Amino acid sequence: DRRKENAVVRRIAANVLLAAQAVLAAAVLAGCAGRPGGPASETDPVPLTAVLGIDLDTVERIEIRYGDGRGLMVTDSETVRGIADRLKAVTVRESEAESVGYLYFMDLFQGDQTRRVGDRYTHLDDRTYETVQNEAGRALNAFILSLGRERMPDLLPGISVDSFS
């Protein structure tokens, strides 16, 4: 009788341990689904153009504000088109992350509409979108930093354009 009870207790303990391990594994996997140190992403990446709400081909001017507070007004149609073309390749995913600091953000002007796009986070219609850090996002960041350094050579001296490649 004692042996049967011990066998049953051992079997129950083994099942409880397996269940606890399964719950722990699920929690770890859910936490790893997002970026390191942040909440898990709940959406798949989508093109920035799908959430932006304006046609990038008709943007008239762009105002860029860099992380050190300096700004740059872009009105030259060729440069505006160069930025817009790079933005078309950017993908984002909805995020619950709180944005802290920035390399730059830019306001895109189309008629009476303005949209703000950040290097890492874009806030549109009470939603936050995080830029997917892929080749397109890195290329945009390098271009915007290079553009600023053409006019302000000492812009953000601690950041290398090469760090985006």
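Reading guide: rules and limits
- Residues numbered from 1 in each chain as written.
- Predicted model: local features only at pLDDT ≥ 70, side-chain atom pairs only at ≥ 80, totals over all residues.
- Heavy atoms only, no water.
- Pairing = 2+ DSSP bridges.
- Helix = DSSP H or I, 4+ residues; strand = E, 2+ residues; numbered from the N terminus.
- Expected span 1.5 Å × (residues − 1).
- Buried < 20%, exposed > 50% of the residue type's maximum accessible area, 1.4 Å probe, protein only.
- Contact = heavy atoms within 4.5 Å.
- Axes fitted to C-alpha atoms, helices over the stretch in contact; angles between N-to-C directions.
- Parallel < 35°, antiparallel > 145°, perpendicular 65-115°, else oblique.
- Left-handed = near helix turned anticlockwise from the far one by under 90°.
- Nonpolar A, V, L, I, M, F, W, Y, C, P; charged D, E, K, R; others polar.
- Core = buried A, V, L, I, M, F, W, Y, C linked by side-chain atoms within 4.5 Å.
- pLDDT = per-residue confidence, 0-100.

(A) How the structure looks around the sheet that holds strand S7 (residues 121–124). Spatial ordering of the open sheet is given by S1-S4-S8-S7, a layout of 4 strands whose pairing is antiparallel. In this open sheet, the two edge strands, each paired with only one partner strand, are strand S1 (46–47) and S7. Of the pairings in the sheet, the one linking strand S4 (residues 91–95) to strand S8 (residues 127–131) comprises 4 bridges and is antiparallel in character. In the strand pairing of S8, Glu94 is matched with Tyr129.

(B) Representation of helix H3 (residues 77–88) in the model. Across its 12 residues, H3 extends 16 Å between first and last C-alpha, which sits within 8% of the 16 Å expected from 1.5 Å per residue. For H3, the complete set of buried residues consists of Thr79, Val80, Gly82, Ile83, Ala84 and Leu87. If you follow the buried residues of H3, they end up packed against helix H2 (48–52), strand S2 (61–66), strand S3 (71–74), strand S5 (104–110), strand S6 (113–118) and helix H4 (135–151).

(C) Region of the structure containing the packing of H3 against H4. One way to put it is that H3 packs onto H4 with a least axis distance of 9 Å and a crossing angle of 160°. On the basis of the axis angle, H3 is roughly antiparallel to H4. Remark: the crossing between H3 and H4 carries left-handed chirality. Each of Thr79, Gly82, Ile83, Arg86 and Leu87 in H3 lies in contact with H4, whose residues at this interface are Ala139, Leu140, Phe143, Ile144 and Leu147. Tallied by class, residues from the contact of H3 with H4 come to 7 nonpolar, 2 polar and 1 charged.

(D) The arrangement of the nonpolar core in detail. Ranked by size, the top nonpolar core spans 33 residues in total, and within it Ile62, Ile64, Tyr66, Ile83, Leu87, Met106 and Leu108 carry the most contacts. Put simply, the parts of the chain that give this core at least two residues each are H2, S2, S3, H3, S5 and H4. Setting aside residues up to four positions removed in sequence, Ile83 forms contacts with Ile62, Ile64, Val74, Met106, Leu140, Phe143, Ile144 and Leu147.

(E) Molecular detail of the confidence of the model for the protein. In this model, the protein carries a mean pLDDT of 84, and residues with pLDDT of at least 70 account for 78%. Across residues 28–40 the pLDDT falls below 50, and counting only partners more than four positions away or on other chains, this stretch makes 13 contacts in the model.

(F) View of the sheet that holds S2. The strand order across the open sheet formed by 4 strands is S3-S2-S5-S6, and the pairing between neighbours is antiparallel. Only two strands of the sheet have a single partner each, and these edge strands are S3 and S6. Neighbour-to-neighbour, the strand axes of this sheet turn through a mean angle of 15°, independent of strand direction. Sheet topology note: the S2/S3 ladder contains 4 bridges and is antiparallel. By the bridge assignment, Ile64 is partnered in S3 with Leu72. Helix-sheet contacts for H3 involve S2, S3, S5 and S6, and the interaxial angle to S2 is about 75°. Sheet contacts for H4: S2, S3 and S5; angle to S2, the most-contacted strand, approximately 85°.

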